[in-house]
Amino acid sequence: MKLELSHSELCSAVDGKLLQESSGNIDVVIYDTRKITTSRDGVFFAFIGHRDGHLFVQKAYDKGVRCFVVSKGIILPEDASVILVEDTIYSFQELAKHHRNRFTIPIVAITGSLGKTTIKEWLYYLLKVEFKVGRTPKSYNSQLGVAQSLLELNDQHEIALIEADISHPGEMDRLEEIISPTLGIFTGIGTYYEQNFESKEAHLGEHLKLFKHANFTFILDEYHSQFRRSKIGMMETSVSEWKNFGIEQQNFPENRALCLKAAEFFGIDHVVLKDRIAHLPVLTGRQEVFEGINGNLIINDTYNMDVDALEQALEYQFSSKERTKKIVVLDLSHVDELRKGDILDVVQRYGPEQTFLVEGNELPRELMEMTEASILFKSSFHSNLKVLVQKFKNRKHETWVEFDLKAIRSNLRHLQSLLPKGTKTLVMVKASSYGTGDVKIPHFLQEHGADYLGVAYTDEGATLREKGIELPILVMNSEPNAFEDLLLHQLEPSIHSMSQLKAFVEVVEQSGQSNYPIHLEVETGMHRLGFEESSIQEVLDYLQTTNAVQVMSVFSHLADADNSDSTYSKKQLESFAIMKKQIESNLPYTVMFHILNSEGALKFAKEAAYDMVRLGIGIFGYTSNNDQLLPSIRWKTSVSQLKQLEPGDTIGYGRTYTAQKAMTIATIRVGYADGFKRSLSNGVGKVIIKGTPCPVVGNVCMDMTMIDVSNITCNLYDEVEIIGEHQTLQDFAKLLNTIPYEVMTSINKRVARVYVRS
Ligand SMILES: *Cc1c(COP(=O)(O)O)cnc(C)c1O
C-alpha cells in the first residue's frame, strides 16, 4: 500500500491537530513497533487497546518513524510530526476511508453472521485469474480490521472483497461509512444470534445497513422479503439455480451459490466456473491432525474459537474423504454467551453425526469409545480440551512421524536472517516436501513468508495448485508433454536446453499468452542440467526474437556445498558471476539470480545470495553445519509383544540370530516397508526405549522388527524412539550409510504424519 500523503495532508485526512510539524511523506501505517521494517515513510498510530500504544512511541521513533498520530500529549524531538486526535482508532478509520475514496473499482462488502471468510476466500479464488483482487487478510473483519483491509488496497486492484462483522447494534453504520461498498454479499444469519438484538428482524436490519448505498446485494432467495421491505437492491440466487454445477453434493452449497452468482456477475464463463467451483481450496486454521486411537482421525483445533475459524475447521473436516462419520467436540465454556448460538448454528449447517458439548476435565465415555470417525476438537486456547484431546493419541498402537512446525519456522527465520535484506526465499518442496507429506509444509511456508516454492516435476506442482497453494512455483524438470499442464496450473518451468526452450515457446504461443515466466538453469559444475557457458549467447539471441516468455531468474546449483573445503564451490560461484554479467548486459529487463541451497546459504549468504536462495533440508534442520538450526523430525513406534528366549532359540526369518543366553526381546511395529531398512538387521540398527539403546536382533521384517530389551524393564505399548532426542536423524542416516535427505524421503507413506504446532 502506498498512501503518498504529506504529514499535513494526513493531518487533514484524519481531522487532527498538528502539534508539531516536520516535513515528510507517509506511505505505510504502523501500529505495532515489532513489525517496523521500512520505517522511513511510516506513520505510527498509538492505539489504546490492551496495551497503550503511546508507550511505544519512543521505540517507533528510534526505529526511524517520524510521523505520529496520538490521543495524548507526547514528547518527541523536532524532526517528528505529531498529530493530536480525539480517538486514534476513529482517525485510523478516517484514513482508511480517505484511502478507499481514491478507488473507483467495485468494492464488495460481505456480511452476515456465517461464512464470511469462506465466501471471501472462495470468491477470490473464482475471480483471481481474470482480475487482480484485493481482499481482507485472514478474517480482519472488526472495526479495526476493516480499516486495515481498505488500507491494503493499491492501484493494481480491480476488485476488492471486504468482510464486515458486527456483534452489537449500531456498529454497522460506521462500517458502511468507511467501506462505502458498491456491491454486497449477504451470507445469512443464524437463528440464535438474535439474543444480542431485540429480534431477528433487528439483527437482520443491522446487517442490511451495510448495503444501503450499494448498487445491489447478492442474497439467497430465502431473504427475498426482508430485502424487499428494506428497499435494498438485490440479486437473488439459490442452491437449485446451480443444480448443473453439482453443488448440492458439495459442502456448504449456499456459500457456493452466492460465490457463483457474484462470479457470474463479473463475467466469468460458466464452463470455467463449473470447474473452479469443484476445486475450491480447503481453508484451514491452526491445527494438529493425527491418526488417533480406535481408527479415528483427530483434528485438534483447540486454539481459538471464533466463528470463522470454526467454519474453516469444519470445512476442512467435511471436505476430507478419509472418514465418513464426522463428530464434533466443543468446549464453549470460555465463549462469550452471545457467540454460542452462532457457533452451534455453524455446526448444525454441516450436520455432523454427533456433537458433544464438553466442559471441565472429563470426556464422555461414548466419545472415548468412538471408532473410525473423523473427530474435530474445537475450543478456545484457555479450555482444557487441548489436554484431553491427547487421550486420543495413538501412541499405543502405531508408528508415526512428527514434524515440529515451530522448529521449521524457526529454521526458516534463522536462514532468512543470514541473508542480505531483500533477498527472496524459495523453498524446495519436491518429493512431497522431502517426504513430510503433500501439502502441509507448503501451506505452512506460504503462511510464513516463503516467496517461491520449487518442485521437481510438473505433477507435484499441479497437486500444490489443486490444494490451494498460490505462491509462484518453479518446476525443475519439465518435459514437453507436461507443458500444457504447466500453463494450466501457472507453474514456471526451469529451462536448461535450447530444444526445450523452443518447444516451450511454441506451446505458449499457441495458448496466446506472452511474457510467460521461465527460469534458466546454467551449468557451473554440477554437470546435471543447465546451459553451458558457450551456449548462453545463442539463448539470449533467441530470446530477443520472441515475447512469449520472460526470464524471471537465472540459476545454478552447487555440487559440493557441504564440503568444509570450499574450493570447488568458490569456482562455481565465480563462473556464475561471469555468466551473470553476460546475461545482464544482454537482456532488456532485470532478472533474479540465485545459486545457493541450504548449505550454500549458511556459508556464502553475504557474498552470493544475489536475489534469492533455494532452501530445502535446512528448514528441517539437517545441514552438515547445523549449530543454529533445530531438528524438526521425530519418528516413533511402540512395542507390540515381549518374549522370553532360552539359549539356542533363534529369531525371525532366516534364523540369523541365535540367543546365547536367556534374553527378553520386544517386537516393534516398524519394518523395512516403513523405511526402517533391512540393512539395520542384527545389531547394525538400534532404537531407544526409556533413554536406553536397544539393538536390532535377527533380520528386520517387512512390518516388524525384533529388538533386545534384556537390559531394561520394558512393557507392552512402550514408546520406541527411532529418530528423536537420543538418536538424531543424522545418526540414523549414518547407520544406513546414507544422508538425511534419503532417510526423510524413505519413510513410507503408511507411517502416520503428525504436524505439531506449539
Ligand atoms: C533440492 C534442491 C535445492 C535444495 O537443496 P538443499 O540442499 O535441500 O537445501 C536447491 N536447488 C535445487 C536445484 C534443488 O534441486
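Numbering of residues begins from 1 in every chain and follows the order in which that chain's sequence is written. Per-residue local features of the predicted model are confined to residues with pLDDT of at least 70, and side-chain atom pairs are confined, for both listing and counting, to 80 or more; whole-chain, interface and lining totals are unaffected and use all residues. Side-chain metrics rest on all non-hydrogen atoms present in the structure, leaving aside hydrogens and water.

### Looking at the overall build of the protein chain
In step 1: Scanning the protein chain from N- to C-terminus turns up 26 helices and 36 strands.
In step 2: For the protein chain, the C-alpha radius of gyration of 29 Å lies close to 27 Å, the compact-globule estimate for 758 residues.
In step 3: If you line up the protein chain on its principal axes, its C-alpha atoms span 90 × 70 × 60 Å.
In step 4: Working definition: with a 1.4 Å probe on protein chains only, accessible area under 20% of the residue-type maximum means buried, over 50% means exposed, and in between means partly exposed. Out of the 758 residues belonging to the protein chain, those deemed buried represent 56%.
In step 5: Contact criterion: two residues are considered in contact whenever any of their non-hydrogen atoms come within 4.5 Å of each other. Put simply, of all contacts in the protein chain between residues at least 6 apart along the chain, 68% involve residues at least 24 apart.
In step 6: Taken as a whole, the protein chain presents about 32,800 Å² of accessible surface, with 48% of it coming from carbon and sulfur.
In step 7: Two residue types count as positive, namely Lys and Arg, and two as negative, namely Asp and Glu; His and chain ends fall outside the count. To locate a charge, the coordinates of NZ of Lys, CZ of Arg, CG of Asp or CD of Glu are taken. The centroid of the 79 positive side-chain charges in the protein chain is displaced by 4 Å from the centroid of its 99 negative side-chain charges. Going along the chain from the N terminus, every DSSP run of H or I of four or more residues is numbered as a helix, and every run of E of two or more is numbered as a strand. The globule rule used for comparison is 2.2 Å times the number of residues to the exponent 0.38, while the radius of gyration itself is calculated over C-alpha atoms. Note on areas: Shrake-Rupley, 1.4 Å probe, and residue coverage restricted to the protein chains presented here.

### Regarding the sheet that holds strand E7 (residues 81-84)
In step 1: Ordered by their spatial adjacency, five strands build an open sheet running E2-E7-E6-E5-E4, and the pairing between neighbours is mixed. A strand with exactly one partner marks an edge of an open sheet, and here the two such strands are strand E2 (17-20) and strand E4 (28-30). Neighbour-to-neighbour, the strand axes of the sheet open up by a mean angle of 25°, direction not taken into account.
In step 2: Whether two strands pair depends on DSSP finding at least two bridges between them. As defined by bridge partners, E2 adjoins E7 across three bridges and the pair is classed as antiparallel. Residue pairing in the sheet places Leu-18 in a bridge with Ile-83 of E7.
In step 3: Its contacts with the sheet put helix H3 (residues 88-100) on E4, strand E5 (42-45) and strand E6 (67-70), and the angle it makes with E5 is roughly 145°. All axes are obtained by fitting lines to C-alpha atoms, using only the stretch in contact for helices, and the reported angles, taken between N-to-C directions, cover 0 to 180 degrees.

### Considerations on unusual backbone geometry
In step 1: In this structure, Asp-15 is a non-glycine residue whose phi angle is positive, near 55°.
In step 2: One can find Asp-15 in the loop between helix H1 (7-13) and E2.
In step 3: By relative accessible area, Asp-15 is classed as exposed at 67%.
In step 4: You will see that Ser-433, though not glycine, has its phi angle at about 50°, which is positive.

### Some remarks on the packing of helix H9 (residues 253-265) against helix H10 (residues 270-277)
In step 1: Running from N to C, H9 and H10 cross one another at 150°; their axes reach a closest spacing of 11 Å. Our classification of the angle between H9 and H10 gives roughly antiparallel. As H9 runs across H10, the sense of the crossing is right-handed. Contacts from Arg-256, Leu-260, Ala-263 and Glu-264 of H9 reach H10 at His-270, Leu-273 and Ile-277.
In step 2: Grouping the amino acids of the contact of H9 with H10 by side-chain chemistry returns four nonpolar, one polar and two charged. To sort the angles, those under 35 degrees are grouped as roughly parallel, those over 145 as roughly antiparallel, those from 65 to 115 as roughly perpendicular, and the leftovers as oblique. Each crossing is labelled by how the near helix is turned from the far one, with a counterclockwise turn of less than a right angle marking it left-handed and a clockwise turn marking it right-handed. Gly is put with the polar residues, along with every residue not named as nonpolar or charged; the nonpolar set is Ala, Val, Leu, Ile, Met, Phe, Trp, Tyr, Cys and Pro, and the charged set is Asp, Glu, Lys and Arg.

### A short note on helix H18 (residues 458-466)
In step 1: For H18, the full list of buried residues reads Thr-458, Gly-461, Ala-462, Leu-464 and Arg-465. Down the axis of H18, the buried set is contained in an arc of 160°. They therefore lie on one face.
In step 2: The inward-facing, buried residues of H18 contact helix H17 (440-447), strand E21 (452-457), strand E22 (473-477) and helix H19 (483-488).
In step 3: Of the residues trailing H18, Gly-468 is marked for its positive phi of about 90°. Note: the arc covers the axis-to-C-beta directions of the helix.

### Overview of the pairing of strand E28 (residues 633-645)
In step 1: The pairing of strand E19 (residues 400-404) with E28 spans four bridges and is classified as antiparallel. If you follow Val-401 over to E28, its bridge partner there is Trp-635.
In step 2: Note: E28 against strand E35 (residues 719-723), four bridges, orientation antiparallel. When the bridges of E35 are listed, Thr-637 appears paired with Val-720.
In step 3: Here E28 runs beside strand E31 (residues 663-668); their pairing, made up of six bridges, is antiparallel. Note on E31: the bridge partner recorded for Lys-643 is Ile-665.

### Comments concerning the site of the ligand
In step 1: Here a residue is near a molecule or strand as soon as one of its heavy atoms is found within 4 Å of it. Around the ligand sit 13 residues, and of these Lys-430, Tyr-434, Ser-598, Ile-617 and Tyr-741 come closest.
In step 2: Within the contact set of the ligand, an oxygen atom lies 3.1 Å away from a backbone nitrogen or oxygen of Gly-616.
In step 3: Within the side chain of Tyr-741, one N or O atom sits 2.6 Å away from an oxygen atom of the ligand.
In step 4: When the ligand is considered free in solution it has 390 Å² of accessible area, and contact with the protein chains removes 94% of it.
In step 5: Sorting the residues of the shell around the ligand by element identifies helix H16 (430-435) and strand E27 (612-615) as the ones contributing at least two each.
In step 6: In terms of residue class, the shell around the ligand is made up of six nonpolar, four polar and three charged. Polar contact criterion, stated in full: a pair of N or O atoms within 3.5 Å, where within protein one must be able to donate a hydrogen and the other to accept it, and residues adjacent in sequence count only if both atoms are side-chain atoms.

### Thoughts on the sheet that holds strand E9 (residues 133-135)
In step 1: Taken in spatial order, the six strands of this open sheet run E9-E10-E8-E11-E12-E13, and their pairing is parallel. If you trace the sheet from one side to the other, it starts and ends with E9 and strand E13 (234-237), each paired once. Strand-to-strand twist across the sheet, computed as the mean angle between neighbouring axes with direction ignored, equals 20°.
In step 2: Examined bridge by bridge, E9 and strand E10 (residues 159-163) share three bridges and lie parallel to one another. Note that in E10 the partner of Gly-134 across the bridge is Ala-160.

### What about a negative patch on the surface?
In step 1: Each patch is built from residues lacking any salt bridge and having more than 30% relative accessible area; the joining distance is 9 Å for like charges and 5 Å for nonpolar side chains (Val, Leu, Ile, Met, Phe, Trp, Tyr). Definition used for salt bridges: Asp or Glu carboxyl oxygen within 4 Å of a side-chain nitrogen of Lys or Arg. The grouping of Asp-459, Glu-466, Glu-484 and Asp-485 at the surface amounts to a negative patch.
In step 2: Counting residues per element, the ones that place at least two in the negative patch are H18 and H19.
In step 3: Inspection of the secondary structure assignment puts Glu-484 in helix H19.
In step 4: Residue classification places Glu-484 among the exposed residues on the basis of a relative accessible area of 57%.

### Digging into helix H6 (residues 172-179)
In step 1: For H6, a buried count of six out of eight residues is recorded, marking the element as mostly surrounded by other parts of the structure.
In step 2: The complete set of buried residues in H6 reads Met-172, Arg-174, Leu-175, Glu-176, Ile-178 and Ile-179.
In step 3: Those residues of H6 that are buried lie in contact with H3, strand E8 (107-111), helix H5 (143-151), E10 and helix H7 (200-208).

### Here's the deal with the nonpolar core
Soluble globular proteins tend to pack their nonpolar side chains together in the buried interior.
In step 1: Core analysis: the largest hydrophobic core is formed by 107 residues, its most contacted members being Phe-504, Trp-635 and Phe-676.
In step 2: It is helix H20 (residues 498-511) that contributes the most residues to this core, six residues altogether.
In step 3: With residues near it in sequence (within four places) discarded, Phe-676 still touches Trp-635, Val-670, Gly-671, Val-687, Val-696, Val-700, Thr-705, Ile-722 and Phe-732. Residues enter a nonpolar core if they are buried and are Ala, Val, Leu, Ile, Met, Phe, Trp, Tyr or Cys, with the set joined through side-chain atoms within 4.5 Å.

### Quick word on the pattern of salt bridges
In step 1: Overall, the coordinates contain 27 salt bridges when judged by the stated rule.
In step 2: Between Lys-72 and Asp-52 there is a salt bridge, and its shortest N-O distance comes to 2.4 Å. Of this pair, Lys-72 sits in the loop between E6 and E7 while Asp-52 is found in the loop between E5 and helix H2 (57-62), placing the two residues 20 residues apart along the sequence.
In step 3: The exposure class assigned to Lys-72 is partly exposed, which follows from its relative accessible area of 36%.
In step 4: Between Glu-177 and Arg-174 there is a salt bridge, and its shortest N-O distance comes to 3.1 Å.

### Re the state of the cysteines
In step 1: Any pair of cysteine sulfurs within 2.5 Å is marked as a disulfide. The full count for this structure, using the stated rule, is zero disulfides.
In step 2: In this structure Cys-694 is not part of a disulfide, and its nearest cysteine sulfur, from Cys-714, lies 6.9 Å away.

Distances and angles like these do not, on their own, reveal function.
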